[in-house]
Amino acid sequence: MIARLTAADLPASVPGLARLLVDSVADGASLGFLATLDEPAAAAWWLAHEPAVAEGSRVVWVARAAEEIVGTVSLTCEAKPNGRHRAEVSKLMVHPDARGHGLGRDLLATAEAAAARTGATLLLLDTETDSPAERLYRVTGWTRYGIVPGYATDPGGTPRDCSFFYKRLA
């Protein structure tokens, strides 16, 4: 089941979100963190977003199985007046043990639908080139508009290319 977290929900969900982030990075997911990421640091990262969740500029959804958080996705709305028609999808994660069952696709669809309800007509995201995430975005109608060589390192510290995508919403 996928549920939107409120600011009041976030602190209680942080331990599960932190475990998911640590496990995803340990499995090789390029999410902006190195393999040395531990749960306290991951929890602090999530808690730092509490003000944005409270004001509604960042929306976080979680998927749970047996009360454990097994997936998440975030949507960040643009605050600048000339960019309020766009939003960014970020931190789409599915626990390694929960992959292969369509959860990533469901989380992405949840974020896309919510963005459309806010009036966003353009979504953006980036991901490691040739990653499983890139394949997900391609098959769900996202358009790659560029690759930047060596844009970010993988969890082991090796620079990797990054693909940038957009999707127009009806």
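Structure: see above.
What counts as what
- Every chain is numbered on its own, with residues counted from 1 as its sequence reads.
- Restriction of local features to residues with pLDDT of at least 70 applies here, the model being predicted, together with a cutoff of 80 or more for giving and counting side-chain atom pairs; totals for whole chains, interfaces and linings are based on all residues.
- Only hydrogens and water are set aside when side-chain values are computed; all heavy atoms of the structure are taken into account.
- The helix and strand labels rest on DSSP assignments: H or I over at least four residues marks a helix, E over at least two residues marks a strand, and numbering proceeds from the N terminus.
- Distance and chemistry together define a polar contact, namely a pair of N or O atoms within 3.5 Å, with one atom able to donate a hydrogen and the other to accept it when in protein, and with adjacent residues in sequence counting only for side-chain atoms on both sides.
- Contacts were defined at the residue level, with two residues in contact if any of their heavy atoms lie within 4.5 Å.
- Here an angle of 0 to 180 degrees is reported between the N-to-C directions of two axes, which are lines fitted to C-alpha atoms, with helices fitted over the stretch in contact.
- Note that the term roughly parallel is reserved for angles under 35 degrees, roughly antiparallel for angles over 145, roughly perpendicular for angles of 65 to 115, and oblique for everything else.
- Left-handed describes a crossing whose near helix is turned anticlockwise from the far helix through less than a right angle; right-handed describes the clockwise counterpart.
- Polar here means any residue outside two lists: the nonpolar Ala, Val, Leu, Ile, Met, Phe, Trp, Tyr, Cys and Pro, and the charged Asp, Glu, Lys and Arg; Gly therefore counts as polar.
- Nine residue types can take part in a nonpolar core, namely buried Ala, Val, Leu, Ile, Met, Phe, Trp, Tyr and Cys, and a core is a set of them joined through side-chain atoms within 4.5 Å.
- Burial classification: accessible surface area is computed with a 1.4 Å probe over protein chains only, and a residue below 20% of its type maximum counts as buried, one above 50% as exposed, and the rest as partly exposed.
- One less than the number of residues in a helix, times 1.5 Å, gives the span that helix is expected to have.
- Salt bridges, as used here, are contacts in which a Lys or Arg side-chain nitrogen is within 4 Å of a carboxyl oxygen on Asp or Glu.

Colleague: Before we go on, may I ask you to explain the side chain of Thr129 in this structure?
Modeller: Of note, Thr129 is situated in the loop between β5 (122–128) and α5 (132–139). There is a polar contact of 2.8 Å between the side chain of Thr129 and the side chain of Ser163. Filtering out sequence-adjacent residues up to four positions away, Thr129 remains in contact with Glu134, Arg144, Ile147, Asp161, Cys162 and Ser163.

Colleague: Where do I start with the packing of helix α4 (residues 103–117) against α5 in this structure?
Modeller: When two helices pack together, their arrangement is given by the angle between their axes and by how far apart the axes lie. With their axes 11 Å apart at the nearest point, α4 and α5 run at an angle of 55° to one another. On the basis of the axis angle, α4 is oblique to α5. In terms of crossing hand, the pair formed by α4 and α5 is right-handed. From α4, Gly104, Arg105 and Leu108 reach across to α5, where they touch Leu136, Tyr137 and Val139. Residue composition of the contact of α4 with α5, grouped by class: four nonpolar, one polar and one charged.

Colleague: Help me understand the nonpolar core in this model?
Modeller: The tendency in soluble globular proteins is for nonpolar side chains to be buried as a group. In terms of nonpolar packing, the biggest core is built from 25 residues, with Val89, Leu123, Tyr137 and Trp142 touching the most fellow members. Mapped by element, the contributors of at least two residues to this core are β2 (58–65), β3 (68–77), β4 (86–94), α4, β5 and α5. Apart from residues lying up to four places away in sequence, Val89 is in contact with Val73, Ser74, Leu75, Leu108, Ala111, Leu123, Leu124, Leu125 and Trp142. Ala18, Leu37, Val53 and Val60 belong to the second largest nonpolar core, which has 20 residues in total.

Colleague: Looking at this structure, how should I read α4?
Modeller: Because each turn of an α-helix spans 3.6 residues, side chains separated by three or four positions in sequence point in the same direction. Between its first and last C-alpha atoms α4 spans 21 Å; for 15 residues at 1.5 Å apiece the expected length is 21 Å, and the two agree. Taken together, the buried positions of α4 are occupied by Leu103, Gly104, Leu107, Leu108, Ala111, Glu112, Ala114 and Ala115. Residue Gly119 follows α4 closely and has a positive phi angle near 95°.

Colleague: Please explain the side chain of Ser57 as it appears in this structure.
Modeller: Mapping Ser57 onto the fold places it in the loop between α3 (50–55) and β2. Of the polar contacts made by the side chain of Ser57, one reaches the side chain of Glu55; its length is 2.8 Å. What Ser57 contacts, discounting residues up to four positions off in sequence, is Ala52, Leu75, Thr76 and Cys77.

Colleague: Help me out: how do you make sense of the pattern of salt bridges in this one?
Modeller: Two side chains that carry opposite charge are able to pair once their charged atoms sit near each other. For the coordinates displayed, the defined rule picks out seven salt bridges. Between Lys167 and Glu112 there is a salt bridge, with its nearest N and O atoms 3.0 Å apart. Separated by 55 residues along the polypeptide, Lys167 in strand β7 (residues 159–168) and Glu112 in helix α4 bring together distant segments of the chain. When sorted by exposure, Lys167 lands in the same class as Glu112, which is buried. For Arg138, the salt bridge identified is with Glu134, shortest N-O distance 3.7 Å. Here Arg138 and its partner Glu134 are both found in helix α5, four residues apart, which amounts to about one turn of the helix.

Colleague: Sorry, what's going on with the packing of helix α1 (residues 10–26) against helix α2 (residues 39–47) here?
Modeller: Running from N to C, α1 and α2 point in directions that differ by 130°, and their axes come no closer than 8 Å. Relative to α2, the element α1 lies oblique. You can see that α1 and α2 cross each other, and the crossing is right-handed. On α2, the residues touching Leu10, Pro11, Val14, Leu17, Ala18, Arg19, Leu21 and Val22 of α1 are Glu39, Ala42, Ala43, Trp45, Trp46 and Leu47. Its residues assigned to classes, the contact of α1 with α2 shows 12 nonpolar, no polar and two charged.

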